[in-house]
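# Structural features, examined
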Amino acid sequence: MLQIGSLTLDSPLLLAPIAGHCDLSFRMLCREQGGVGLASTDLLNSRAILNGSPRTLELAATNEFDSPCGMQLYGNSEDPLPQAACWAIDHGAKLIDINMGCPVDKVAKKHGGSLLLRDCASTQRLTERIVDAVHKHSGGRVPVTAKMRLGWDREHFVAPTLARDLASIGIQAVTVHGRWTVQFFSGKADWNLIGEVVAAVPSIPVIGNGDVTEPQHALDLMRQTNCAGVMIGRGALRTPWIFRQALELIRTAASPSSGVDPPTPFAPTLLYKCQMIRRHLDLLAKYCPCERHAIHGMRSRIAWYSKTMGPIKPLKEAIRTASSLQEMACAVDYWIEHLVAGATESDILGRLFAFDSGGSSVRESQDVCGTPDLRRADSVIE
Ligand SMILES: Cc1cc2nc3c(=O)[nH]c(=O)nc-3n(C[C@H](O)[C@H](O)[C@H](O)COP(=O)(O)O)c2cc1C
């Protein structure tokens, strides 16, 4: 459990906002896998929200299955962040997060993100206005949090003092990504410095973030820094079940040894992973209003999913070259059908070879998909 103001999370594990990836369908997918305490929208431009920009409204979409949902806003002192925060509450946000970490020029050079780490006094004033507005609008029901990096660069380690000052004006949790802005995503996240922020801010939960790519890392980060929760980004793009596995480890570590063997850790099979991709496609079809965005999303995602799936290059290529969600679903269904029937990856690859050389698998695969789209996948088998 993790308490953030009046919001109680069932798990201390949070899905990180990852622009271009953490839309409603992916948040729902991760929640279904288990172990997610909170998932947030990607960063939302405060002006675009209030102007009703269709793309931003699409990114802000949530529903009752996507709960509790945080909405992350970015902007600077000139922007209508307090008003956008009130809009977010009216549209389903159970938590408002302020982005103080985005290093990308488009954001950090003018609008906000990591730029807020450069002038902490002004950031405090801006935060105070957001906290006041949210408090009044929600009657104290919705907490405001901040997600920051360690500082702009190594000479400006502002996170401990900024986090402490923000806590004193009503911020109810802080997430610290253990890198400097100038690093972007290079190098390693410095967990020791996250620990220094935790030590500096005893009054609110500090959530550690950076390079948690295996379930064990979440436990390690908590032990090393004493942080109250862990936020996971890229690890979840690869293995959305990481929260479930990490939560199992955290619970096992927390329960006093009873002499009973701990439960067998969850270990997804290839079939499970294919079914999960299929589920993701269904969620995209249902919740992504623009098929072009959905196709683009899955094309970029399959490279992440395939990292733990062994030799599935034909499936990967079929998804990367498909021109509709339906075509993608057909390619995944082909694998699922064969895996359910007890085939191994090499059996399936063998069948695809046969298909490619005009063997009987042509009919078989057309039966499954109703279209010969896998033909394209076959042609790329090495
Ligand atoms: C492509 C990409 C997009 C990101 N978008 C956001 C964002 O919208 N808001 C945010 O606070 N952080 C964003 N981040 C940073 C992540 O939330 C996270 O802090 C960072 O990736 C480190 O965590 P990880 O090692 O678990 O991925 C993004 C990171 C990546 C790689």
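Residues numbered from 1 in each chain as written. Predicted model: local features only at pLDDT ≥ 70, side-chain atom pairs only at ≥ 80, totals over all residues.

## Things to note about the packing of helix α14 (residues 313-321) against helix α15 (residues 325-340)
As a packed pair, α14 and α15 sit with axes 8 Å apart at the nearest point and diverge in direction by 165 degrees. The angle between the axes of α14 and α15 places the two elements in the roughly antiparallel class. The handedness of the crossing between α14 and α15 comes out as right-handed. Residues Leu315, Ala318 and Ile319 of α14 pack against Met328, Ala331, Val332 and Trp335 of α15. For the contact of α14 with α15, the class distribution of residues is 7 nonpolar, no polar and no charged. (Axes fitted to C-alpha atoms, helices over the stretch in contact; angles between N-to-C directions. Helix = DSSP H or I, 4+ residues; strand = E, 2+ residues; numbered from the N terminus. Parallel < 35°, antiparallel > 145°, perpendicular 65-115°, else oblique. Left-handed = near helix turned anticlockwise from the far one by under 90°. Contact = placed C-beta atoms within 7 Å. Nonpolar A, V, L, I, M, F, W, Y, C, P; charged D, E, K, R; others polar.)

## Details of the sheet that holds strand β4 (residues 38-45)
Strand order around the closed barrel formed by 8 strands is β3-β4-β5-β6-β7-β8-β9-β10, with parallel pairing between neighbours. Strand-to-strand twist of the sheet, defined as the mean angle between neighbouring strand axes without regard to direction, takes the value 30 degrees. The sheet contact formed by strand β6 (residues 95-100) and strand β7 (residues 144-151) spans 5 bridges and is parallel. Of the residues in β7, the one forming a bridge with Asp97 is Thr145. (Pairing = 2+ DSSP bridges.)

## Re the domain arrangement of the protein
In terms of domains, the protein is made up of domain 1 (2-254) and domain 2 (270-378). Of note, the centres of domain 1 and domain 2, computed from C-alpha atoms alone, are 34 Å apart. Facing 10 residues of domain 1, the contacting portion of domain 2 comprises 14 residues. Taken together, the elements giving at least two residues each to the side of domain 1 that touches domain 2 come down to α1 (24-33) and α10 (234-238). When residues in the side of domain 1 that touches domain 2 are grouped by element, the largest group, 4 residues, is from α1. Grouping the constituent residues of the side of domain 1 that touches domain 2 by class yields 5 nonpolar, 2 polar and 3 charged. (Domains from an automatic or database assignment.)

## Examining the environment of His135
One can find His135 in helix α6 (residues 120-138). Using a count of 16 C-beta atoms within 10 Å as the deciding quantity, one classes His135 as partly exposed. In this structure the C-alpha to C-alpha distance between His135 and Val212, which are 77 residues apart in sequence, comes to 33 Å. (Buried ≥ 20, exposed ≤ 12 C-beta atoms within 10 Å, placed from the backbone.)

## A short note on the site of the ligand
The environment of the ligand is formed by 22 residues, the closest being Ala16, Pro17, Leu43, Gly233 and Arg234. Of all the secondary structure elements, the ones that give two or more residues to the shell around the ligand are β4 and α10. Broken down by class, the residue content of the shell around the ligand amounts to 9 nonpolar, 9 polar and 4 charged. (Near = placed C-beta within 6 Å.)

## Structural notes on the nonpolar core
Counting residues in hydrophobic clusters, the biggest one holds 114 residues, and the most contacted among them are Leu73, Ala85, Ile96, Val174, Val230 and Ile232. No other element matches α15, which puts 8 residues into this core. Three or more residues apiece are contributed to this core by two domains, here domain 1 (2-254) and domain 2 (270-378). In this structure, Val174 is in contact with Thr145, Ala146, Met148, Ala163, Leu166, Val201, Ile204 and Val206, ignoring residues within four places of it in sequence. (Core = buried A, V, L, I, M, F, W, Y, C linked by C-beta atoms within 7 Å.)

## Points about the environment of Met222
As for its placement among the helices and strands, Met222 is situated in helix α9 (residues 215-225). Classification of Met222 by C-beta neighbours within 10 Å gives buried; the count is 23. It is 7.6 Å that separates the C-alpha atoms of Met222 and Gly208, two residues lying 14 residues apart in sequence. Not counting chain neighbours up to four residues away, the residues in contact with Met222 comprise Cys227 and Val230.

## Here we look at unusual backbone geometry
One can expect most non-glycine residues to show negative phi and most peptide bonds to be in trans. Between Ser67 and the following residue, Pro68, the backbone shows a cis peptide bond with an omega angle of 0 degrees. Relative to the elements of secondary structure, Pro68 occurs in the loop between α3 (54-59) and β5 (69-74). The phi torsion at Asn226 lies on the positive side, around 70 degrees, for a residue other than glycine. Among the secondary structure elements, Asn226 is positioned in the loop between α9 and β10 (229-232). With 14 C-beta atoms packed within 10 Å, Asn226 lands in the partly exposed category.

## A short note on the packing of α6 against helix α7 (residues 159-168)
Two elements in contact, α6 and α7, have axes separated by 10 Å at closest approach and are oriented at 25 degrees. It follows that α6 is roughly parallel to α7 by the angle criterion. Crossing of α6 against α7: the hand is right-handed. Seen from α6, the contacting residues are Cys120, Thr123, Gln124 and Thr127; seen from α7, they are Leu162, Asp165 and Leu166. Among the residues making up the contact of α6 with α7, the classes are represented as 3 nonpolar, 3 polar and 1 charged.

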